[in-house]
Amino acid sequence: MEQKVKITWLGTAAIRLEADGETVLFDPFVQLVGGENPNCLDDFLQDQTICVTHGHLDHMMDVPEFLDPESDAEATVYCGEVAAETLSDMVENTSNVVKVRPGDVIRLGDVRILVMEGKHAKPGKSQVFQKLFSRRFLQYFRNALALAYLNPKFPEGGQTLMYEVHAEGKRVQVMGSLGLQEDQEYPQGADLLILPFQGSEFLEAVALEVVERLQPKRILLDHFDDAFPPVSEHVDTRRFKKLMDEEYPQIKVVKPTAGKTVVL
């Protein structure tokens, strides 16, 4: 009987991938008050293998909970050097934190994960200005204060990773942010590309450039939801899907529902 790769989007950039008897959780994050896909730590803590794409708080703020000796979680966390340094400032014991860099391969039973160099998206200054002077800023003022305090503690440091999972004869590429290095050659034709649809002033154009370079067979969008208002917002994906239908009709684009599993 042929095995399948199961992928569940859990809000923001949190992805759970199950294959070959292994479970890997990418970028767990508990959404703030007002987040459109409310979740809690209990949704994540059963996971034993965590891969972090970069150190921003919406990708790593809750990772220290997996390293707390008083919790039931005894996870192994794979991340870049900058993220590892952030964790070392927050938890006493980092023996379960494994630093990885582009070119490394993580082996979990029959699952193989190639670590690649990504690039963080750059939001436009106008986007930041609009959010600071919006009605939502007052509505979620407590969130804004918390984010202003926490954000400097979670630097990206110019180090965003991308992971390519090889399992069950399939390849799944997991991007942490909407960007690729200009001078890098990336493997094309993955069975699924998990594409963060957030963070750029020219969102559709940047996303189409990524698609052109990676040429995936299928796309699963994530990070399009309003997870930490007032800084985040729900992103309309309809224009991108229309452009994809026109330029890449052979590539199916899926906008997932939080908690619903997609099977490859």
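Residues numbered from 1 in each chain as written. Predicted model: local features only at pLDDT ≥ 70, side-chain atom pairs only at ≥ 80, totals over all residues. Heavy atoms only, no water.

Draft legend 1. How the structure looks around the nonpolar core. Ranked by size, the top nonpolar core spans 54 residues in total, and within it Ile7, Val172, Leu195 and Phe240 carry the most contacts. Looking at this core, the element that brings in the most residues is helix 6 (residues 203-214), giving six residues. Excluding residues within four positions of it along the chain, phenylalanine 240 makes contact with Leu195, Phe197, Glu204, Ala207, Leu208, Val211, Leu221 and Val253. Core analysis: the next-biggest nonpolar cluster, separate from the first, contains 27 residues, Ala14, Ile50, Leu57 and Cys79 among them. (Core = buried A, V, L, I, M, F, W, Y, C linked by side-chain atoms within 4.5 Å. Buried < 20%, exposed > 50% of the residue type's maximum accessible area, 1.4 Å probe, protein only. Helix = DSSP H or I, 4+ residues; strand = E, 2+ residues; numbered from the N terminus. Contact = heavy atoms within 4.5 Å.)

Draft legend 2. Up close: the packing of helix 6 against helix 7 (residues 238-247). Where helix 6 contacts helix 7, the two axes come as close as 10 Å, and the packing angle between them is 40°. Put simply, helix 6 runs oblique to helix 7. When you trace helix 6 past helix 7, the crossing you get is right-handed. Between helix 6 and helix 7, the contacting residues are Glu204, Ala207, Leu208 and Val211 on the first element and Arg239, Phe240, Leu243, Met244 and Glu247 on the second. Broken down by class, the residue content of the contact of helix 6 with helix 7 amounts to six nonpolar, no polar and three charged. (Axes fitted to C-alpha atoms, helices over the stretch in contact; angles between N-to-C directions. Parallel < 35°, antiparallel > 145°, perpendicular 65-115°, else oblique. Left-handed = near helix turned anticlockwise from the far one by under 90°. Nonpolar A, V, L, I, M, F, W, Y, C, P; charged D, E, K, R; others polar.)

Draft legend 3. The environment of glutamate 36, seen in detail. By secondary structure assignment, the location of glutamate 36 is in the loop between strand 3 (22-26) and strand 4 (49-51). Overall, the relative accessible area of 35% leaves glutamate 36 in the partly exposed class. Along the chain, glutamate 36 and alanine 258 lie 222 residues apart, while their C-alpha atoms are 9.7 Å from each other. Side chain to side chain, glutamate 36 and histidine 234 meet in a polar contact 2.9 Å long. (Polar contact = N/O pair within 3.5 Å; in protein donor to acceptor, adjacent residues only side chain to side chain.)

Draft legend 4. Representation of the sheet that holds strand 2 (residues 15-19) in the model. With respect to topology, seven strands assemble into an open sheet ordered 6-5-4-3-2-1-14, the strand pairing being mixed. Among the strands making up the open sheet, the edge pair consists of strand 6 (97-99) and strand 14 (261-263). If you compare each strand with its neighbour and ignore which way they point, the axes differ by 25° on average. In this structure, strand 1 (residues 6-9) lies alongside strand 2, joined through four bridges in antiparallel fashion. From the neighbouring strand, isoleucine 7 faces strand 2, where its bridge partner is leucine 17. Of the strands in this sheet, strand 5 (76-79) and strand 6 are in contact with helix 2 (residues 81-88), which crosses strand 5 at around 135°. (Pairing = 2+ DSSP bridges.)

Draft legend 5. Local environment of the pattern of salt bridges. Across all of its chains, the model carries six salt bridges by this definition. Among the ionic pairs, lysine 217 bridges to aspartate 191, the shortest N-O distance being 3.5 Å. Taken together, the residues span a long stretch of sequence, with lysine 217 in the loop between helix 6 and strand 12 (218-222) and aspartate 191 in the loop between strand 10 (170-175) and strand 11 (192-196) at a distance of 26 residues. On the basis of relative accessible area, lysine 217 is assigned to the exposed category, the value being 52%. Under the relative-accessibility criterion, aspartate 191 is labelled buried at 15%. Between arginine 238 and aspartate 236 there is a salt bridge whose closest N-O contact spans 2.6 Å. (Salt bridge = Lys/Arg side-chain N within 4 Å of Asp/Glu carboxyl O.)

Draft legend 6. Fine view of the pairing of strand 7 (residues 105-108). Side chains of strand 7 alternate between two faces, with Ile106 and Leu108 buried and Val105 and Arg107 left unburied. Two strands pair when backbone bridges link them, and strand 7 and strand 8 (residues 111-117) are joined in this way by four bridges, in the antiparallel orientation. Residue pairing for strand 8: arginine 107 is matched across the bridge by arginine 112.

Draft legend 7. Seen up close, the environment of tyrosine 78. Here tyrosine 78 is to be found in strand 5. Since its relative accessible area comes to 13%, tyrosine 78 is described here as buried. It is 10.0 Å that separates the C-alpha atoms of tyrosine 78 and valine 115, two residues lying 37 residues apart in sequence. Contacts of tyrosine 78, omitting those with residues within four sequence positions, involve Thr49, Ile50, Cys51, Val52, Val98, Val100, Ile106, Leu108 and Tyr163.

Draft legend 8. Region of interest: helix 7. Considered for burial, the residues of helix 7 that qualify are Phe240, Leu243 and Met244. The arc that holds the buried residues of helix 7, viewed along the axis, is 100°, so those residues lie on one side. Seen from the open side of helix 7, the exposed residues pointing more than 90 degrees away from its buried face are Arg238, Arg239, Lys242, Asp245 and Glu246. The inward-facing, buried residues of helix 7 contact strand 11, helix 6, strand 12 and strand 13 (252-254). (Arc of directions from axis to C-beta.)

On their own, these measurements won't tell you what the molecule is for.
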